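The chain contents come next:
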Amino acid sequence: MHTLTAKFQLSPNVTRLDVEARRIAEIRQPGQFVIVRRGIGAERIPLTIADADPAAGTIALVIQAVGKSTRELVALAAGEAILDISGPLGHPSEMISSGRALCVGGGVGTAVVHPIAQGLHQRGVEVISIIGGRSREWVIFEEELRRLGQVVVCTDDGSYGRKGFVTDATREVLEAGGVDIVYAVGPVPMMRAVANLTRPFGVRTIVSLNPVMVDGTGMCGGCRVDIGGQTKFACVDGPEFDGHLVDFDLLAERLGTYREFEQQANTPCDAGTCRVGLTHPTPTPIPQS
Amino acid sequence: MNEAKLPLKERMKIDRQLMPEQDATQRSGNFLEVNLGFTEKIALLEAQRCIQCKEPKCVQGCPVMVNIPRFLEFIVEGNLPAAARSLFGDNALPAITGRVCPQETQCEVQCVRGVKGKPVAIGCLERFVADWARANSDVVKIEPRGATGKKVAIVGGGPAGLTAAGELVKCGHEVTVYEALHKPGGVLVYGIPEFRLPKLIVEEEVERLVQAGVKIENNVVVGRTYTLPELRAQFDAVFIANGAGLPVFMNVPGENLKGVYSANEYLTRVNLMEAYALDSDTPILRARRVAVVGGGNVAMDAVRTAKRLGAERAMLVYRRSRAEMPARVEEVHHADAEGVEFENLVAPLEVIGNANKWVTGLKCQRMELGEPDASGRRSPKPIPGSEFVLDCDAVVVAIGTRANPLLTATCPELKLNRWGNIEADDAGMTSIPGIFAGGDIVRGAATVILAMGDGKRSAQAIDAYLMQ
């Protein structure tokens, strides 16, 4: 049993749960995840470890409530418990030890980018974070990321930070030069857009994939993804991969396997607004002051 | 004393008793156990078919060397407590092996009654005694000897791990089983379906171990939560029995389409995650036409599961003929009776999908049998121009598994063979003193009983190692 020690509402549909998991808190590394089963009869779902407090023996799980399982998780109150947490799973993030890294987070993906930025910062890497949300209230982990370096906030409506998408700001930083590596985590269209952006610049780009998973130990193969024409299991070969090699179309399709089982079937990107704006005309970038 | 005990001559006249089964039409629509078990009357009759050979060959055929004639004679004498104690003394999990062992290639194939006629139904009788003992659990309670103060870690709560745990706790050692999933049992809970092995039986067996003092820690992925060297430092010995984890795919185009499952995933969703229940939180595709690729027990479990999930057509695609199928004869027979369609001498070439990336068919090729290969089975050869498409909405790939490198990668000193399986001697000793291994992680995908045999032998070797 893993007791919830704290619960925070980060955005209208993103919740942070701090949960007791001492061993995992002590040894987790950036990029790793856990498999969580709320209680008897519940689904096993993979969640990235967004942060950890080894002294308190807790890990932070940041959850976007999109289906039954995630809604039931975020409905838990502090003091209540999660039955099963297994991990830490997956390979730790590939890290550089000097230079400049660009961390791009979209929506709940910002919480996944956070431990990577933490790890980079600890190694003495200069971290620039670009994070986005539909409007001010959807921006998460800004404060935590500001402790690790420069942060550019983008909102679709311009209600906070600069108006526009994270990809616009990413392009500008890439054009300015000096970026050694890019980490991008968010909805599939956003990761694809960032990978497409960085490709001509020849900058190594790491994305974190979150396909359908059951056991998280390589046993089921449900999480298979296509990386440069080769089938890989995200749970044991990933979850992070070279963004320039990922077949994002396949990933997006496979993520839809159980769509009809999901309760909010028609709201894949938050509430139907695609923040990357692939089908929208690209707004004029407004440089952040 | 049983008054119905017959002289030898009379014993020879008894025909093999049939296992009572749930009606095929009825059972193909539910997940309840197919075999209903012998009644005491049938068991008594069947046990008398054993002629008590002086040198029983059946025992040689058993990977855990159960003294079969002894427990059968106790049945004949009507002394079920003695039969149970005898059986459980040799085999830690008889309620399980009595249901899932391929008896026809192990004990029963050796039975002299099979020379002229049918062998004694040893598996059915094993199950009968085990089930009697389940209802009378005090008879076969594990009673550990005095505590030795030695600690043993077991990696994996499947058949090999649980068997070793039982043997080691009996010896007075302190045993901790680390299970990666949220429930112990391994393939017994995630792989083998309820209709063949009710999960309650596995739970009872685990409970018996816990009562005897075995500690079970779920959700511990050794290789991640703890490394092997960390465990070795904390325990006096380690037994690795983490199974053959990684599913093998066919390596044909279209294999990542929606609706293509590994048998591991398909069965795990249905069994461990209970997706067969309509109110389960874990989804499973209830496809109209399911093609299962493979010819082993896992393929049989998957295709029979598909039928029970409501498939109109549950098809088994196998590249050799029925005679070469590695599955238990009983499973093939049951699948047949339940309406599974056998597409034998057929090999898949490609999974076909629609614009939305959903499976619509399996492109196949007909095969014919050629010369025997290294395994002694006639190897299939493609018939040119015989390609055709089998229409289906889901494909389940059940062609085997490979060693999972998750654990072994954390311990480079551990010697592996070229397939990534751990190298171990007959007693399960690996290249590192104090670390033993058994089951599928050593053998590659094999059977429950072979894994249990490894667990038993390794436990004896570990006990000797600890007490030297």
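Keep in mind it's a predicted model, so treat the numbers as computed, not measured.

**Structural notes on the overall build of chain A**
Line of reasoning, step 1. Secondary structure assignment for chain A yields eight helices and 16 strands.
Line of reasoning, step 2. Taken over the C-alpha trace, chain A has a radius of gyration of 18 Å; the compact-globule value for 289 residues is 19 Å, and the two agree within 12%.
Line of reasoning, step 3. Structurally, chain A occupies a C-alpha span of about 50 × 40 × 35 Å along its principal axes.
Line of reasoning, step 4. Sorting the 289 residues of chain A into buried and exposed places 60% on the buried side.
Line of reasoning, step 5. In chain A, the proportion of contacts linking residues at least 24 apart, taken out of those at least 6 apart, comes to 66%.
Line of reasoning, step 6. Accessible surface, chain A: about 11,100 Å² in total, of which carbon and sulfur atoms supply 49%.
Line of reasoning, step 7. Positive and negative side-chain charges of chain A, numbering 27 and 32 respectively, have mean locations separated by a distance of 1 Å.

**Remarks on the confidence of the model for chain A**
Reading fine detail from the predicted coordinates is not recommended where pLDDT is low.
Line of reasoning, step 1. Here chain A averages 90 in pLDDT, and 90% of its residues register 70 or above.
Line of reasoning, step 2. Across residues 263-289 of chain A, confidence stays below pLDDT 50; counting only partners more than four residues off in sequence or on other chains, it has 47 contacts.

**Some details on the packing of aromatic side chains**
Residues and elements named next belong to chain B.
Line of reasoning, step 1. One pass over the structure, following the stated rule, counts seven aromatic pairs over all chains.
Line of reasoning, step 2. Between the aromatic rings of Tyr178 and Tyr226, the centroid separation amounts to 6.0 Å while the plane-to-plane angle is 50°, which identifies the pairing as tilted. With Tyr178 in strand S2 (residues 174-178) and Tyr226 in the loop between strand S3 (215-217) and helix H13 (228-234), this residue pair connects regions lying 48 residues apart in the sequence. With respect to class, Tyr178 is no different from Tyr226; both count as buried.
Line of reasoning, step 3. Aromatic side chains Phe436 and Tyr465 sit 5.7 Å apart centroid to centroid with 70° between the ring planes, which places their arrangement in the edge-to-face category. Pair noted here: Phe436 is in strand S16 (residues 435-437) and Tyr465 is in helix H19 (residues 448-467), with a separation of 29 residues, a long-range link.
Line of reasoning, step 4. Looking at Tyr465, the relative accessible area reads 21%, which means it is partly exposed.
Line of reasoning, step 5. What links up through ring pairs into an aromatic cluster is the set Phe31, Phe195 and Tyr276.
Line of reasoning, step 6. Here the guanidinium or amino end of Arg322 rests over the ring plane of Phe342, the centre of that ring lying 4.6 Å away.
Line of reasoning, step 7. Cation over ring: Arg366 sits above Phe388, and NZ or CZ is 4.1 Å from the ring centre.

**Things to note about helix H6 (residues 188-198) of chain A**
Residues and elements named next belong to chain A.
Line of reasoning, step 1. With nine of 11 residues buried, H6 lies mostly within the body of the structure.
Line of reasoning, step 2. Listed in full, the buried residues belonging to H6 are Val188, Pro189, Met190, Met191, Ala193, Val194, Ala195, Leu197 and Thr198.
Line of reasoning, step 3. Close packing links the buried residues of H6 with strand S8 (100-106), helix H5 (166-176), strand S12 (181-185), strand S13 (204-208) and helix H8 (248-255).

**Here we look at the interface of chain B and chain A**
Line of reasoning, step 1. On the chain A side, the residues contacting the 36 residues of chain B number 39 residues.
Line of reasoning, step 2. When the buried surface of chain B facing chain A is broken down by residue, Arg224(B), Asn256(B) and Asp281(B) rank first, second and third, together holding 24% of it.
Line of reasoning, step 3. Put simply, chain B and chain A have four salt bridges between them.
Line of reasoning, step 4. Between Glu230(B) and Arg23(A) there is a salt bridge, with the nearest N and O atoms lying 3.0 Å from each other.
Line of reasoning, step 5. For the pair chain B and chain A, the number of links is 20 residue pairs in polar contact (both at pLDDT 80 or more).
Line of reasoning, step 6. At the level of secondary structure, the elements contributing two or more residues to the side of chain B that touches chain A comprise strand S5 (246-247), strand S6 (260-262) and helix H14 (263-270) of chain B.
Line of reasoning, step 7. In terms of residues, the side of chain B that touches chain A owes the most to one element, H14(B), which gives four residues.

Cut-offs and rules
- Here the residue numbers are simple positions, counted from 1 along each chain's written sequence.
- Chain letters and ligand numbers both follow the written order, the letters beginning at A and the numbers at 1.
- At least 70 in pLDDT is required for a residue's local features to be given in this predicted model, at least 80 for side-chain atom pairs to be given and counted, and no such filter applies to totals for whole chains, interfaces and linings, which use all residues.
- Just so you know, side-chain values use all the structure's heavy atoms and leave hydrogens and water out.
- Helix numbers and strand numbers start at the N terminus; a helix is a DSSP run of H or I with at least 4 residues, a strand a run of E with at least 2.
- Taken over C-alpha atoms, the radius of gyration is set against a globule rule of 2.2 Å times the number of residues to the power 0.38.
- Per-residue accessibility, obtained with a 1.4 Å probe over protein chains only, is compared with the maximum for each type, and a residue is labelled buried under 20%, exposed over 50%, and partly exposed between these values.
- Should any heavy atoms of two residues lie within 4.5 Å, those residues are considered in contact.
- Per-residue and other accessible areas were derived by the Shrake-Rupley procedure at a 1.4 Å probe size, with only the shown protein chains allowed to occlude residues.
- Charged residues are defined narrowly, with Lys and Arg counted positive, Asp and Glu counted negative, and His plus the chain ends left uncounted.
- To locate a charge, take atom NZ for lysine, CZ for arginine, CG for aspartate or CD for glutamate.
- In predicted models, pLDDT denotes the confidence assigned by the predictor to each residue on a 0 to 100 scale.
- Stacked, tilted and edge-to-face are the three classes applied to pairs of Phe, Tyr and Trp rings, where Trp contributes its six-membered ring and a pair requires centres within 6.5 Å; stacked means planes under 30 degrees apart, edge-to-face means over 60, and tilted covers the rest.
- To sit over a ring, a charge needs its Lys NZ or Arg CZ within 6 Å of the ring centre and within 35 degrees of the ring normal.
- Buried area: the accessible surface (1.4 Å probe) lost by two parts on joining, summed over both.
- Each salt bridge in this description consists of a side-chain nitrogen of Lys or Arg and a carboxyl oxygen of Asp or Glu lying within 4 Å of one another.
- Here a polar contact is recorded for every N or O atom pair within 3.5 Å, except that within protein the pair must consist of a potential hydrogen donor and a potential acceptor, and residues adjacent in sequence are included only if both atoms are side-chain atoms.

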